[in-house]
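# Coordinate analysis (summary)
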Amino acid sequence: MTNPLLDFSDLPRFDVVQPEHVAPAIESLMAEYRTLIDQLLKSQTPATWDDFVQPMIDTGEKLGNANTPVIFEPPVQIAQTGGLEVNIACSGGANWGGTDIWVSTDGSSYKIAGRVTGK
């Protein structure tokens, strides 16, 4: 099975993302990022935007996109009853800028419903 967090062809596939997808996706992308950094540091040519900075931005963007919020089924102790409910978990370090929250009523079209930030 392909990890949906590593599919960057379109919007995140929230309908198939499972908690067990998160760690393998992040580990894979971190390994890719480390490999890129090693390659860039070994280069004997002067660093340019196109040859040094842009590849890091592109790879870092994939990492950020894979670390999307994971929609989950909450434990019964915190679940509300009697209405629609969405629970969101997201993560980020000290420099985390936040994340946009995308919602769908049909599973195929999405719109931004809000933003979660750490500050």
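A brief structural summary. (Residues numbered from 1 in each chain as written. Predicted model: local features only at pLDDT ≥ 70, side-chain atom pairs only at ≥ 80, totals over all residues. Heavy atoms only, no water.)

### Focus on the overall build of the protein chain
Our working definition: A run of H or I in DSSP becomes a helix once it reaches four residues, and a run of E becomes a strand once it reaches two; helices and strands are each numbered from the N terminus. The cut-offs for exposure are 20% and 50% of the maximum accessible area for each residue type, with area from a 1.4 Å probe on protein chains only; residues under the lower value are buried, those over the upper are exposed, and the others partly exposed. In what follows, a contact means two residues having at least one pair of non-hydrogen atoms within 4.5 Å. What sets the accessible areas is the Shrake-Rupley method with a 1.4 Å probe; for residues, cover comes only from the shown protein chains.
Counting its secondary structure elements, the protein chain contains two helices and four strands. Sorting the 119 residues of the protein chain into buried and exposed places 18% on the buried side. In the protein chain, of all internal contacts separated by at least 6 residues, the share reaching a separation of at least 24 is 32%. Approximately 8600 Å² of the protein chain is accessible, and the part contributed by carbon and sulfur atoms is 55%.

### Some words on the side chain of threonine 59
Relative to the helices and strands, threonine 59 is located in helix α2 (residues 49–66). Excluding its chain neighbours within four sequence positions, the residues that come into contact with threonine 59 are Glu32, Tyr33 and Leu36.

### A few points about the nonpolar core
The criterion, for reference: Residues belong to a common nonpolar core when they are buried Ala, Val, Leu, Ile, Met, Phe, Trp, Tyr or Cys residues joined through side-chain atoms within 4.5 Å.
In this structure, Leu5, Val17, Ala25, Leu29, Leu63 and Ala66 together form the largest nonpolar core, which totals six residues. Looking at this core, the elements that each hand over two or more residues are α1 (19–42) and α2.

### Some details on the pattern of salt bridges
Oppositely charged side chains can form a pair if their charged atoms are brought close together. Selection rule: Note on definitions: salt bridges are taken to be side-chain nitrogens of Lys or Arg within 4 Å of carboxyl oxygens of Asp or Glu.
Taken as a whole and assessed by the stated rule, the structure comprises two salt bridges. Lysine 62 is the salt-bridge partner of glutamate 32, the closest N and O atoms lying 2.6 Å from each other. One end of the pair, glutamate 32, is in helix α1; the other, lysine 62, is in helix α2, with 30 residues separating them in the sequence. Judged by relative accessible area, which is 26%, lysine 62 ranks as partly exposed. The salt bridge partner of arginine 115 is aspartate 100, with a shortest N-O separation of 2.9 Å.

### Observations regarding the environment of glutamate 32
By relative accessible area, glutamate 32 is classed as partly exposed at 32%. Along the primary structure glutamate 32 and glycine 60 are separated by 28 residues, whereas in three dimensions their C-alpha atoms are 9.7 Å apart. Leaving out residues up to four positions away in the same chain, glutamate 32 has contacts with Thr59 and Lys62.

### Notes on the packing of α1 against α2
Quick note on the threshold: Note on definitions: angles span 0 to 180 degrees between N-to-C directions of axes, and those axes are lines fitted to C-alpha atoms, for helices only across the stretch in contact. Comment on the angle field: the value is read as roughly parallel under 35 degrees, roughly antiparallel over 145, roughly perpendicular from 65 to 115, and oblique elsewhere. All residues other than Ala, Val, Leu, Ile, Met, Phe, Trp, Tyr, Cys, Pro, Asp, Glu, Lys and Arg, Gly among them, are scored as polar; the first ten of these are nonpolar and the last four charged.
Packing of α1 against α2 leaves a shortest axis separation of 9 Å and a crossing angle of 175 degrees. Considering their axes alone, α1 and α2 lie roughly antiparallel with respect to each other. Packed against α1, whose contacting residues are Ile26, Leu29, Met30, Glu32, Tyr33, Leu36 and Leu40, the element α2 presents Asp51, Phe52, Pro55, Met56, Thr59, Gly60, Lys62, Leu63 and Ala66 at the interface. Tallied by class, the residues present in the contact of α1 with α2 amount to eleven nonpolar, two polar and three charged.

### What to know about the environment of proline 4
Mapped onto the secondary structure, proline 4 falls in the segment before α1. Along the sequence, proline 4 and histidine 21 sit 17 residues apart, while their C-alpha atoms lie 7.5 Å from each other.

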